[in-house]
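# Observations on the model geometry
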Amino acid sequence: MNGLELVLLALGLSMDAFAVSVCKGLSLGRIRWKHMALAGLWFGGFQALMPTAGYYLGTFFTDIITSYNYWIAFVLLTLIGSNMIKESFDEEDCPDANMAAPAMFALAVATSIDALAVGVTFAFLQVSILPAVCFIGATTFILSCIGIRIGHVFGLKYKSRAELFGGAVLILMGTKILLEHLGVLG
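Cut-offs and rules
The residue numbering used here restarts from 1 in each chain and proceeds along that chain's sequence as written. Restriction of local features to residues with pLDDT of at least 70 applies here, the model being predicted, together with a cutoff of 80 or more for giving and counting side-chain atom pairs; totals for whole chains, interfaces and linings are based on all residues. Hydrogens and water molecules were not included; the side-chain quantities draw on all heavy atoms of the structure. Here, the term nonpolar core denotes a set of buried Ala, Val, Leu, Ile, Met, Phe, Trp, Tyr and Cys residues that are joined through side-chain atoms within 4.5 Å. Throughout, exposure labels follow a simple rule: accessible area from a 1.4 Å probe, protein chains only, divided by the maximum for the residue type, with under 20% read as buried, over 50% as exposed, and the rest as partly exposed. For helices the rule is a DSSP run of H or I covering at least 4 residues; for strands it is a run of E covering at least 2, with both sets numbered from the N terminus onward. Each polar contact in these results corresponds to two N or O atoms within 3.5 Å; when the atoms are within protein, one needs to be able to donate a hydrogen and the other to accept it, and residues that are neighboring in sequence are counted only if both atoms are side-chain atoms. Contact between two residues is taken to exist if any of their heavy atoms lie within 4.5 Å; hydrogens are not considered. Centres within 6.5 Å are what make two rings of Phe, Tyr or Trp a pair, Trp counting through its six-membered ring; a difference in plane orientation under 30 degrees is then read as stacked, over 60 as edge-to-face, and the rest as tilted.

Bringing the nonpolar core into the picture now. Formed by 45 residues in total, the largest nonpolar core has its most connected members in Leu-9, Leu-13, Phe-43, Leu-77, Val-118, Phe-122 and Leu-170. When residues in this core are grouped by element, the largest group, 9 residues, is from helix H1 (residues 3-27).

The following block contains the structure:
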C-alpha cells in the first residue's frame, strides 16, 4: 500500500467519526477545545485500535486463506463502503451533547467497526501496521476536532456528504486491490 492509498483509506475510514463529530458539534451549546480534544481522542484512538486488532486477527488466519485474500479485501471494503453510502442517505438523529465516557465509548466503537475489517485486510496485504494505524488515528483525530467545529458553525450540511465520500473511497480502494491482483492494473 503506497502513501496516497493510505491517505485515501484514512480519510475514508474517518468519515463516520467526522459525521458523528459534526452532529456532536451541532448539539453542543458552546464548544470548547476540551470538546474537540475529547472527540478526537475517542474517535482517533479507536480508529487506531480497531485496525490493530483486525490485523492480528487476520494474521492468525492468513495461512488458511492466502489464495483468497484479495477477494476478501475487495468484499470487505465494498460492503463497508456500500453501508456508508447507504447511511449517507438515511435521515438519522444526531447524538446528544453528552461527552461522558460511556456515551463516547459507544460512539467510538460504532464508528470504528469498519476499521476492524480494514485491519484484517491489512494482514492479508502485509501492510506495516504501526505507521498505518498511527496515520489513521491521527487523521481521524484531526477530522473529529474539525467536525465538532463545523457542526457548531454549519450544522448538518456536510454530514451526509462525508459519509458518501468515505463509502466511495473504500469501494474504490477495494476495487483497485482486486484489479491489481487480477493483473488489470499494473
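The discussion continues.
For the rest of this paragraph, the subject is the side chain of Ser-144. Residue placement: Ser-144 occurs in helix H5 (residues 129-154). Ser-144 gets classed as buried once you look at its relative accessible area, which sits at 0%. A distance of 2.8 Å separates a polar atom in the side chain of Ser-144 from the backbone oxygen of Thr-140. For Ser-144, the contacting residues outside a window of four places in its chain are Ala-17, Ser-21, Ala-39, Gly-40 and Phe-43.

Moving on to the packing of aromatic side chains. Under the defined criterion, the tally for this structure stands at 5 aromatic pairs. With 6.4 Å between their ring centres and 80 degrees between their planes, Trp-42 and Phe-105 make a pair best called edge-to-face. Remark: Phe-105 occurs in helix H4 (residues 101-125) and Trp-42 occurs in helix H2 (residues 33-65); sequence separation between them is 63 residues. Ring plane angle 85 degrees and centroid distance 5.1 Å describe the contact between Tyr-55 and Tyr-56, whose orientation is recorded as edge-to-face. Taken together, the aromatic side chains of Trp-42, Phe-46 and Phe-105 make up a single cluster linked through ring pairs.

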